[in-house]
Protein chains: 4
Amino acid sequence: MEPINVYDYEALAEQRLAPGAWAFYSSGAGDEVTLRRNRAAFERIQLLPRILTGYGAADTATTVLGTPVGLPILVAPTAAHGMACAEAECATARGAGEASTLMVAATESTRSIEEIAAAATGPLWSQLYVYRGHRPLAESLVRRAEATGCRALVLTVDAPLWGSKDRSARVPADWPPAANLGELDDSELGPEPLTWADLDWLRSLTAMPLVVKGVLLPDDALRALDHGAAAIVVSNHGGRQLDGVPASIEALPAIIETVAGRCQVYLDGGVRRGTDVLKALALGARAVLVGRPALWGLAVDGAAGVRHVLELLRNELEEAMVLAGVGSIAEIDGSLVRWS
Amino acid sequence: MEPINVYDYEALAEQRLAPGAWAFYSSGAGDEVTLRRNRAAFERIQLLPRILTGYGAADTATTVLGTPVGLPILVAPTAAHGMACAEAECATARGAGEASTLMVAATESTRSIEEIAAAATGPLWSQLYVYRGHRPLAESLVRRAEATGCRALVLTVDAPLWGSKDRSARVPADWPPAANLGELDDSELGPEPLTWADLDWLRSLTAMPLVVKGVLLPDDALRALDHGAAAIVVSNHGGRQLDGVPASIEALPAIIETVAGRCQVYLDGGVRRGTDVLKALALGARAVLVGRPALWGLAVDGAAGVRHVLELLRNELEEAMVLAGVGSIAEIDGSLVRWS
Amino acid sequence: MEPINVYDYEALAEQRLAPGAWAFYSSGAGDEVTLRRNRAAFERIQLLPRILTGYGAADTATTVLGTPVGLPILVAPTAAHGMACAEAECATARGAGEASTLMVAATESTRSIEEIAAAATGPLWSQLYVYRGHRPLAESLVRRAEATGCRALVLTVDAPLWGSKDRSARVPADWPPAANLGELDDSELGPEPLTWADLDWLRSLTAMPLVVKGVLLPDDALRALDHGAAAIVVSNHGGRQLDGVPASIEALPAIIETVAGRCQVYLDGGVRRGTDVLKALALGARAVLVGRPALWGLAVDGAAGVRHVLELLRNELEEAMVLAGVGSIAEIDGSLVRWS
Amino acid sequence: MEPINVYDYEALAEQRLAPGAWAFYSSGAGDEVTLRRNRAAFERIQLLPRILTGYGAADTATTVLGTPVGLPILVAPTAAHGMACAEAECATARGAGEASTLMVAATESTRSIEEIAAAATGPLWSQLYVYRGHRPLAESLVRRAEATGCRALVLTVDAPLWGSKDRSARVPADWPPAANLGELDDSELGPEPLTWADLDWLRSLTAMPLVVKGVLLPDDALRALDHGAAAIVVSNHGGRQLDGVPASIEALPAIIETVAGRCQVYLDGGVRRGTDVLKALALGARAVLVGRPALWGLAVDGAAGVRHVLELLRNELEEAMVLAGVGSIAEIDGSLVRWS
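All values derive from a computational prediction rather than experimental measurement. (Residues numbered from 1 in each chain as written. Chains lettered and ligands numbered in written order. Predicted model: local features only at pLDDT ≥ 70, side-chain atom pairs only at ≥ 80, totals over all residues. Heavy atoms only, no water.)

Caption draft 1: Structural context of the overall build of chain A. Per the secondary structure count, chain A includes 12 helices and 12 strands. A globule of 340 residues ought to have a C-alpha radius of gyration of about 20 Å, and chain A, at 19 Å, matches this closely. Judged by the C-alpha coordinates and their principal axes, chain A covers about 60 × 50 × 40 Å. Relative to its full complement of 340 residues, chain A shows a buried share of 66%. Here the contacts in chain A between residues at least 6 apart in sequence split such that 75% fall between residues at least 24 apart. About 11000 Å² of surface is accessible on chain A, with carbon and sulfur atoms providing 51% of the total. If you average the places of the 29 positive and of the 41 negative side-chain charges in chain A, the two averages end up 3 Å apart. (Helix = DSSP H or I, 4+ residues; strand = E, 2+ residues; numbered from the N terminus. Rg over C-alpha atoms; globule rule 2.2 N^0.38 Å. Buried < 20%, exposed > 50% of the residue type's maximum accessible area, 1.4 Å probe, protein only. Contact = heavy atoms within 4.5 Å. Areas by Shrake-Rupley, 256 points an atom, 1.4 Å probe, with all protein chains shown as cover. Lys, Arg positive; Asp, Glu negative; His and termini not counted. Charge placed at Lys NZ, Arg CZ, Asp CG, Glu CD.)

Caption draft 2: Just the relation of the copies chain B and chain A, in detail. Rotating chain B by 90° and moving it 0.1 Å along the rotation axis overlays it on chain A with an RMSD of 0.0 Å. Here the transformation between the copies is reduced to the relation of a four-fold axis. By C-alpha distance to the rotation axis, the residue of chain B lying nearest is S340 of chain B, at 9.7 Å. (Least-squares fit on C-alpha atoms with pLDDT ≥ 70 in both.)

Caption draft 3: Representation of the interface of chain C and chain B within the structure. The interface is formed by 32 residues belonging to chain C together with 29 residues belonging to chain B. Buried surface at the junction of chain C and chain B, summed over both partners, amounts to about 2400 Å²; 59% is from carbon and sulfur atoms. Run the count over chain C and chain B and you get 4 salt bridges. Residues D31 of chain C and R273 of chain B are paired through a salt bridge, measuring 2.9 Å at the closest nitrogen-oxygen approach. Elements with a minimum of two residues in the side of chain C that touches chain B: α3 (33-43), α7 (166-169), α8 (196-205) and β8 (210-215) of chain C. Residues that form the side of chain C that touches chain B fall into these classes: 16 nonpolar, 7 polar and 9 charged. (Buried area = accessible area lost by both parts, 1.4 Å probe. Salt bridge = Lys/Arg side-chain N within 4 Å of Asp/Glu carboxyl O. Nonpolar A, V, L, I, M, F, W, Y, C, P; charged D, E, K, R; others polar.)

Caption draft 4: Broad picture of unusual backbone geometry. At H237 of chain A, a residue that is not glycine, the phi angle is positive and equals roughly 65°. When you line up the elements, H237 of chain A lands in the loop between β9 (231-234) and α10 (248-259). Here L65 of chain C, not a glycine, exhibits a phi torsion of approximately 50°, which is positive. The partly exposed category is assigned to L65 of chain C, whose relative accessible area is 25%.

Caption draft 5: Highlighting the pattern of salt bridges. Using the criterion set out here, one finds 74 salt bridges over all chains in the structure. One salt bridge connects E114 of chain A with R144 of chain A, and the closest N-O pair in it is separated by 2.9 Å. One end of the pair, E114 of chain A, is in helix α5 (residues 113-119); the other, R144 of chain A, is in helix α6 (residues 135-147), and 30 residues separate them in sequence. Among the ionic pairs, R307 of chain D bridges to E311 of chain D, the shortest N-O distance being 2.7 Å. Separated by 4 residues within a single helix, R307 of chain D and E311 of chain D lie in helix α12 (residues 292-324), roughly one turn from each other. Note on R307 of chain D: relative accessible area 32%, which makes it partly exposed. Salt bridges sharing common partners tie together D31 and D166 of chain A together with R39, R273, D276 and E316 of chain D.

Caption draft 6: The arrangement of the interface of chain B and chain A in detail. The partner chain A presents 29 residues to the 32 residues of chain B that form the contact. Of the roughly 2400 Å² buried where chain B meets chain A, counting both sides, 59% is carbon and sulfur surface. By the criterion of area lost to chain A, the three top residues of chain B are D31, R170 and L242 of chain B, representing 22% of everything that side buries. Summed over the shared surface of chain B and chain A, the result is 4 salt bridges.

Caption draft 7: Local environment of α3 of chain C. Within α3 of chain C, 8 of the 11 residues are buried, which leaves the element mostly enclosed by the surrounding structure. When we look at burial in α3 of chain C, the residues that qualify are V33, T34, L35, R37, N38, R39, A41 and F42 of chain C.

Caption draft 8: The arrangement of the packing of helix α6 (residues 135-147) of chain D against helix α8 (residues 196-205) of chain D in detail. Residue and element names in this part refer to chain D. Close contact between α6 and α8 brings their axes to 11 Å; oriented N to C, the two are set at 40°. Judged by the angle between their axes, α6 and α8 are oblique. Note on packing geometry: the crossing formed by α6 with α8 is right-handed. On the side of α6, the interface is formed by R135, A138, E139, V142, R143 and E146, while α8 contributes D198, W201, L202 and L205. (Axes fitted to C-alpha atoms, helices over the stretch in contact; angles between N-to-C directions. Parallel < 35°, antiparallel > 145°, perpendicular 65-115°, else oblique. Left-handed = near helix turned anticlockwise from the far one by under 90°.)

Caption draft 9: Just the pairing of strand β11 (residues 287-290) of chain A, in detail. Residues and elements named next belong to chain A. Where burial is concerned, the two faces of β11 agree: the one with A287 and L289 and the one with V288 and V290 are both buried. In this sheet, β11 lies alongside strand β4 (residues 73-75) in parallel orientation, the contact comprising 3 bridges. The residue bridging I73 from the neighbouring strand is V288, located in β11. Bridge count for strand β10 (residues 264-268) against β11 is 3 bridges, and the pairing is parallel. (Pairing = 2+ DSSP bridges.)

Caption draft 10: Just helix α10 (residues 248-259) of chain D, in detail. All names here are of chain D. Counted at 1.5 Å a residue, the expected span for α10 with its 12 residues is 16 Å, and the 16 Å between its end C-alpha atoms agrees. When α10 is considered as a whole, its buried residues turn out to be S248, I249, E250, A251, L252, I255 and V259. Two residues or fewer after α10 comes A260, characterised by a positive phi angle close to 50°. (Expected span 1.5 Å × (residues − 1).)

Caption draft 11: Up close: the environment of L289 of chain A. Residues and elements named next belong to chain A. Its place among the elements puts L289 in strand β11. The buried category is assigned to L289, whose relative accessible area is 4%. Not counting chain neighbours up to four residues away, the residues in contact with L289 comprise L74, V75, A76, P77, V104, V233, Y266, L267, D268 and G269.

Caption draft 12: Structural view of the packing of aromatic side chains. A complete count under the given rule lists 20 aromatic pairs over all chains for this structure. Seen from their ring centres, Y129 of chain B and W162 of chain B are 4.8 Å apart, and the 75° between their planes marks the pair as edge-to-face. In this pair, Y129 of chain B is assigned in the loop between β6 (124-128) and α6 (135-147) and W162 of chain B in the loop between β7 (153-156) and α7 (166-169), connecting sequence segments 33 residues apart. Each member of the aromatic cluster is reached from another via a ring pair, and the members are F24, Y25 and W175 of chain A. The positively charged end of R240 of chain A is found above the aromatic ring belonging to F24 of chain A, 4.7 Å away from the centroid. (Phe/Tyr/Trp six-rings, centres within 6.5 Å; stacked < 30°, edge-to-face > 60°. Lys NZ or Arg CZ within 6 Å of the ring centre and 35° of its normal.)

Caption draft 13: Local environment of the nonpolar core. With 444 residues, the main nonpolar core has I249 of chain A, I232, I249 and L267 of chain B, I249 of chain C together with I249 of chain D as its most contacted residues. I232 of chain B has contacts with V211, V212, V215, A221, A224, I255, C263, Q264, V265 and Y266 of chain B, leaving out every residue within four places of it along the chain. (Core = buried A, V, L, I, M, F, W, Y, C linked by side-chain atoms within 4.5 Å.)

Caption draft 14: Just the pairing of strand β8 (residues 210-215) of chain A, in detail. All names here are of chain A. Of all 6 residues making up β8, 6 are buried, and the element is well covered by its neighbours. The pairing of strand β7 (residues 153-156) with β8 spans 4 bridges and is parallel. Its bridge partner being in β8, T156 is matched across the sheet by K213. With 4 bridges connecting them, β8 and β9 associate as parallel partners. From the neighbouring strand, K213 faces β9, where its bridge partner is V233. Read from β8 through helix α9 (residues 218-226) to β9, the crossover connection turns out right-handed. (Right-handed = clockwise from strand over helix to strand, strands pointing away.)

Have a look at this one:
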């Protein structure tokens, strides 16, 4: 089967990945209610196309925190790409760059940020976990992100512990060492539960813009702004942390209304179609991030797979924009959608 | 199996058609959310029958843009009938006429408009696509529609590009040449993204009434009126263009309210039962169009199949009218329905 | 399998009945949306039990138009019981009487009203169809109902024609002659579409109270009152006439509110559990009627089956009343239910 | 399969239990609408986590009527544990105590309250049924509860009769004698339908706090308070009495609002995940009770199974609290949830 959409890549990836890797990547927390809700919520949004606007093509280019990207679809930070491809995150970064977008490199990458940066053909952001009892490591990771030219620091705030995923727990995964952590065994590391004060500390540590990932409530979004966040990611961690939380796309509108343009707002969780991207942007997101889709591409065809997945989404987005009657990202607004 | 409803024809057509033709006709865009929504929305409408009105039969005759038809069910423009029947649109036109209704002949017909008109036993309207870089062809198609006696020009406005249909993309179809296009290879032609100014241009080109097909929003309906449309078709192109748009029957009420009787409003998308027709008319449509049902009839039994499908729908409509307590199309109004 | 609820009887009846009889009895009109809705609507009603009321048993006795019955569950008029049991309606009437309730004998009974009355062990009402071109027959049927001691005349008003049932149409049924019609072949008879004036005519014809069956709208209920109806049956004919109409239990509350106690209101359609009866009574019905459940009982075990089905429902109703904290029919009111 | 959640225990228990015991424990009343609703309602509640609160662990300890427990999850009274384990309730009590919570011992226990108390490693409450014609037995049961140190009396008020469970009725269960009832054959005993006056009588009989179990309506909750209840359990008896009543979690908010803190309110019905416990507490419950989950644990591994089931739930609750940003039971409030 020649894959023609993200679901095809998912099906192929299930065949190619070791069972433990498949279970780890695909599973959600608890009863996977939020995992399913992420998709179901997109289906409840209706698109309202305008006719006779004269567009036969659309420009999907935009910027995120000032960095130009060819499409408003970034690669989300996900762990352990070595389970999907021998070249691991180096391939992912190459695929993302070739698709003219940026990748958020995860702390728990199989390859080090230095290796990823060397392989990358596009811009990088660096995701950060702070490990309990290892603050110096966090500082070092920030410095290495700066040194390798990462343009933003993405702090994941919805993981004061690693959420349980029953489906994954039943199938052991052959988890590769995380190169960024050096001699430390990441299976023995636990996350540091962070506070708002820690955000200030990080803010003081670096000039890189700070992106706070894992926000679902308007008050927390405001508070992130007050503590110097340059952007936030509305996210439920792909349904992998607390089961039962809202779909991220459900949580988006109230946050957009509350931040009222004072920072950029991104979204991840359940994006599988170009029309999903159009819906998220119409509801106010600056861009979306895709985690599992990039992993499916990586598992199926390495860098080329990542690139193809992103191109499929970009092409679907462009088609959706044309059919909705808009010619550029700037023309996308709330009039294009309603909840059914 | 003797087919006794439209679903029977659908099942038989799936057996008779080549896989590529079946996939082309039956598929919808994206995840086929809108394709399913077109049906599901009809099921959410409740009929409210009046008792003891004394009708044992009902007259289903009406007029569309002044042309009398025996039933408020027209044949929608669909491409490439040659994949369903050797006689192609000539058979469809004969079947439609024998069922005492009119057919909208598609630009991308297998047979030319002249051949169709020669075979037709009822009135025709002519659907128009404008191809990029081929304005003279569009003018010529308009002239030929006039010359063959077509009574209206139906401009499709929801196709600035051909929407992707994944299910169809996986199965190659043996697409026959489109006779109307002469030597041009229609697989190389792309649609011209049209503007409101193009509507004026078309309006100026011909005295045929102009029907704008593919409207989903009240503002666009109003604007079509302002640009001289004689009628509009509330349509999502059978769920084949932008996935995620509203069901056409969901989009109808706001448009009816907005145009407030200043033009006729038709509807297509998901009509499979006489009760669907009754619901659409109760919500304000002057008539409905059926695309796939006519194709299923054509694939199963040529002109006789088209005729039988239309007669089944007409009979079901008459039965529904009698059971709802109305004796004529004019008696159908909004009091007969409510949304559940 | 020893049947312990109505569904068991349904499953057994499917095994015992000829395919055509099963299809005829079980099918609904169109896509069977209303058939399913009748059941689904009951599930949307929540029961709100009162605690510590001290009842360990409940009295299910009530009266309908002054006739005492041991349970508020009557046998609805259904045609052609001869397909289910050699003794046909004579067995049904005996079973109903032994369960201490009344039966509504259908015009299209396999046995004549005289035979049914002779066999009956409980009170009878007589259902009436008026056939086109056969007004004298209608008058005669009314006279025979009076002569056989029927206590009410039930006029079916939702059948100006026999609704199509596709599932039934595919399987020929061995339809027995309708004894009430004498030499007339009922397959050649069509119903007379009735008017409100015909109600007056019937009203003038007999002193029996007139029950109007097939009302779904409050205005029609009021008008039935104005024309002398002693009671109405909120009914959609078991989902067998116009597909898409509301569930009868959905239609009940507005009618109850409108008639405001000026006549008794019954309900049929989808009653399969004692809790359904409790819900209908809490929403204002005086009693319910069951059609198919009685037929399943008849098909499985003749009069004893009819009796057992009714006893199962009565026992379930009593249990539901006790658990809801009410000891008699008179204590059932709207505080026991809410819509979810 | 190593069980890692309550559903695993359920699946294993189905394999280990005799068919009649499985059917008895797992079934619900009627069509099991309420049984399913108990679960579905939890899925409609969304959790709204707070970020960056700094908790990496949470304290699940609380008190119920002054008794400290390590988790807000009690063992509900359920009958006949001898069908699940030879040690019966003695094992259950040991498992509950080892998990640092309390058990409500049922009147219809296989083992006597004296045996259970002797085996127990944690606090006990005693559930009471009053049998018709056996008031002295009820008094004696109260005295024995006092004598064995039970800290509260739990009066079940939703069982004026034993509700029918069709699934269970089809499979005979090998029901063990209920030791508390001495020579009496409990298959011949029926419940005494109680009144509010009986509550006063019980209240006057003992100094143990009285917990009224089986309340679904705010008015009844208030009245229980007026009659001296120290606490109430919002419960529908696990969907086993009157089918069609609300999910207990649906019924909770109005009751919490009405009692306004004047007594403790517990909840049972459908709790299968730590997130369910968090939702119930956020909606105002002081604690939840689990019935079937404890039985599955008992059937699979005796006391150790009961303990493990409770520990799994406690661990899930702690994880949910951390991910929701709360560090103790006292911090849980209504801001953590909303209905979707």
